[in-house]
Amino acid sequence: MPTTSNPAIRNLLTLDGAVSPAGPVRSGEVSPAVAADRPITLDDIAVKTLAVFAVLVASAFLTVFLELGYLALPALFAGMGLGIFLALRPRPSAALALLFAAVEGIVLGEATQFFDALHPGVGTQAVLGTGCVFAGMLAAYRTRKVRISAKVTRWAVGAALGLLVLLLAELVAWWGFGADLGLRDGGVLAFGVSVLTVAAASFFLLLDFEAANRLLRSGASHRWAWYVAFGLTITLVWLYLELLRLLSYLRWW
């Protein structure tokens, strides 16, 4: 069965101790380890994810209201650092998940304000679009309209890595040489790149749902719900930012 291409969720599935090591319990007995570290439930995932997104949204609103846009660049690097750290060294930390949401909220707030100033209303459209994609992918996963095969998963990971290399090349060319490769200039090529990126982020949601479902079936500790929320946040933040850019291209045209 394929695992998620999101490194945060993928690493979670192979963690030592993610599933309670407590042995079988005889009828009528309750293991102290099991009682203190109960299995994860869907409610755990939902509540922790909502908590993380509440911090994300509050941080974005405060960034705009208090005019904290000057913190966007430091927040961007802080978010990248936290994301890489938690992806490479997974841990069920509520503090780190909420801190990640707070710094990403600063980035989202400034990005939304910037694009909304250029194209009024595009931020609201991106929020609605992200919600619709999330709901659609969840419905597709629950009804099994889309099959998550190993071949499709490998294709999605390869496409995402290719896009990442292209965008990094664009960034290096722009910062280092002042050159424009046309990947983010609003032209036809940039539009195509954004469409592919939105499609990749949408598919990653399916993989994250599958990973969360596997955790529910495996009996992993409820503490890892924070890490599931962190992984979903990475995907949704990526999806929102790409939708914001894609919608801005449509406004230019």
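Up top is the structure.
So, a few notes on the structure that sits alongside this text. (Residues numbered from 1 in each chain as written. Predicted model: local features only at pLDDT ≥ 70, side-chain atom pairs only at ≥ 80, totals over all residues. Heavy atoms only, no water.)

With respect to the element layout, Ser 248 can be found in helix α9 (residues 225–252). Given the relative accessible area of 0%, Ser 248 is considered buried. Dropping the residues within four chain positions of it, Ser 248 is found in contact with Phe 115, His 119 and Val 122. (Helix = DSSP H or I, 4+ residues; strand = E, 2+ residues; numbered from the N terminus. Buried < 20%, exposed > 50% of the residue type's maximum accessible area, 1.4 Å probe, protein only. Contact = heavy atoms within 4.5 Å.)

All right, on to the environment of Phe 100 then. As for its position among the elements, Phe 100 is in helix α5 (residues 94–118). Classification of Phe 100 as buried rests on a relative accessible area of 4%. Linking Phe 100 and Leu 86, residues 14 residues apart in sequence, is a C-alpha distance of 9.7 Å. In this structure Phe 100 touches Gly 79, Leu 82, Gly 83, Phe 230, Thr 233 and Ile 234, once residues within four positions along its chain are discounted.

Time to look at α9. Look at α9: 41 Å from first C-alpha to last across 28 residues, which is about the 40 Å you get at 1.5 Å a residue. Most of α9 sits out of view: 21 of its 28 residues are buried. (Expected span 1.5 Å × (residues − 1).)

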